[in-house]
Amino acid sequence: MKTPTFVIDTSDTRMFYTMRYLQNKKYKVCSIANNTESGGAYYCYGPQKRFTNDELMNIPEKSDLFCGNLNDMQKKILDAKNIVHHNLLKDEIFAMDNALLTAEGALMLIIRGTNTSIFKQKIAILGYGRVGKATASLLKGIDLDFNIFTDDYTECSMARLLGKEIYNLSESLNEYDVIINTIPAKILPLSKLKDAKKSCYILDLASYSGVEMCDINSLGLSYDNALGIPGKYSPKTAGEILAESILRNLEV
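In this text, all values refer to a predicted model and were calculated from it rather than measured experimentally.

Chemist: Sorry, what's going on with the environment of S117 here?
Modeler: Summarising the element assignment, S117 is placed in the loop between helix 4 (92–113) and strand 6 (122–126). Sequence separation between S117 and D224 is 107 residues, and the spatial gap between their C-alpha atoms is 19 Å.

Here you go:
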């Protein structure tokens, strides 16, 4: 097996800590800006990186690429150059660790985005996937008042273990002080939000926003579209989680 040289995209803040972690493990590491490798190497990007085809064409043949999702055309470019794609988003350990960091950041944003004690708020969590589970677990751990909303049968079954009320997404959200969306779909239309409390704070953790901003603005609701929480608020830990995922992918 070749001795790996890791080439890191440090334009993503957490990847600086990924580089430091790998250096501490005694791997040969450099940033893309200082890369002198002309042959195959291990190219590492944050999982949210969106590549142009030209960027992929510039990666040397017989390299390994660690990143997130790629489209079919981009995969064909890699195949033609004998580049192995390691999709970090398919690493379940990484996904759950990232969800926990997202939940921590969500708690901070709720406290910052509201003007009453978090212990006096009624919170709705929409969706019970990885981020929904992590957020619910954290909120339950500090004994906050929340309920789960989901139409997914499996999610409903798992959410019942919390001992909380489970509602369909069609149910009213009018009594809630905070709405946390984890579902990547437009599930909060104007008809759903028009009777929400005027003081309601909406925190969108989904990769695809659940609202239309024109609706939020017309209703005067407080809203945060909080993408990339781990990298923004816990970059050191997020970078170390990424490094561990990269090393796990090498073992597969």
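Chemist: Before we go on, may I ask you to explain the side chain of T18 in this structure?
Modeler: Note on placement: T18 falls in helix 1 (residues 13–24). Relative accessible area serves as the criterion here: at 0%, T18 is assigned to the buried category.

Chemist: Looking at this structure, how should I read the sheet that holds strand 10 (residues 201–204)?
Modeler: Within a sheet, each strand pairs with its neighbour through backbone hydrogen bonds, oriented either parallel or antiparallel. Read across the sheet, 6 strands follow the order 8-7-6-9-10-11 without closing on themselves; strand pairing throughout is parallel. A single partner strand is all that each edge strand has here, and the edge strands are strand 8 (166–167) and strand 11 (222–225). Sheet topology note: the strand 6/strand 9 (residues 178–181) ladder contains 4 bridges and is parallel. Counted as the bridge partner of I125 is I180 from strand 9. Against the sheet, helix 4 contacts strand 9, strand 10 and strand 11, and its axis sits at roughly 155° relative to strand 10. Along the sheet face, helix 5 (residues 130–141) touches strand 6, strand 7 (145–149) and strand 9 and points at about 160° away from the line of strand 6.

Chemist: So what exactly am I meant to see when it comes to the side chain of Q121 here?
Modeler: As for its position among the elements, Q121 is in the loop between helix 4 and strand 6. Within the structure, Q121 has its side chain in polar contact with the side chain of T114 (distance 2.8 Å). For Q121, the side chain forms a polar contact with the main-chain oxygen of T116, separated by 3.0 Å. Setting aside its immediate chain neighbours within four residues, Q121 contacts I110, T114, T116, D145, D177 and V178.

Chemist: Teacher, can you tell me more about helix 10 (residues 235–251) here?
Modeler: Think of an α-helix as 3.6 residues a turn; residues three or four steps apart then line up on the same face. An ideal rise of 1.5 Å per residue puts 24 Å on 17 residues; helix 10 measures up with 25 Å between its terminal C-alpha atoms. Along helix 10, the residues that are buried comprise P235, A238, G239, I241, L242, A243, S245, I246, L247, N249 and L250.

Chemist: Just to check I follow, could you spell out the nonpolar core for this structure?
Modeler: Where a protein is soluble and globular, its nonpolar side chains tend to be buried together. In terms of nonpolar packing, the biggest core is built from 24 residues, with I123, I125, L139, F146, I148, I180 and L203 touching the most fellow members. Elements supplying a minimum of two residues to this core: helix 4, strand 6, helix 5, strand 7, helix 6 (153–159), strand 9 and strand 10. Here this core gets 4 residues from one element, more than from any other, and that element is helix 4. Aside from chain neighbours lying at most four places away, what touches I123 is L139, L144, D145, F146, N147, Y176, V178 and I180.

Chemist: Any chance you could explain the packing of aromatic side chains here in plain terms?
Modeler: Any aromatic ring pair is given by two values, namely how distant the centres are and how the planes are angled relative to each other. What the rule picks out here adds up to 7 aromatic pairs. Summarising the aromatic geometry, the rings of Y42 and F66 are spaced 6.0 Å apart at their centres and angled 70° between planes, so their arrangement reads as edge-to-face. On the criterion of sequence distance, the pair formed by Y42 in strand 3 (residues 42–44) and F66 in strand 4 (residues 64–67) is long-range, its members being 24 residues apart. Classification of Y42 as buried rests on a relative accessible area of 4%. Ring geometry for Y45 and F51: centres 4.7 Å apart, planes at 75°, overall edge-to-face. Linked through ring pairs, F6, Y27, Y42 and F66 together constitute an aromatic cluster. The residue whose ring lies beneath K49 is F51, and the NZ or CZ to ring-centre distance is 5.4 Å. It is K164 that lies over the ring of F146; its NZ or CZ is 4.6 Å from the centre.

What counts, and where the lines are drawn
- Residues numbered from 1 in each chain as written.
- Predicted model: local features only at pLDDT ≥ 70, side-chain atom pairs only at ≥ 80, totals over all residues.
- Heavy atoms only, no water.
- Helix = DSSP H or I, 4+ residues; strand = E, 2+ residues; numbered from the N terminus.
- Buried < 20%, exposed > 50% of the residue type's maximum accessible area, 1.4 Å probe, protein only.
- Pairing = 2+ DSSP bridges.
- Contact = heavy atoms within 4.5 Å.
- Axes fitted to C-alpha atoms, helices over the stretch in contact; angles between N-to-C directions.
- Polar contact = N/O pair within 3.5 Å; in protein donor to acceptor, adjacent residues only side chain to side chain.
- Expected span 1.5 Å × (residues − 1).
- Core = buried A, V, L, I, M, F, W, Y, C linked by side-chain atoms within 4.5 Å.
- Phe/Tyr/Trp six-rings, centres within 6.5 Å; stacked < 30°, edge-to-face > 60°.
- Lys NZ or Arg CZ within 6 Å of the ring centre and 35° of its normal.

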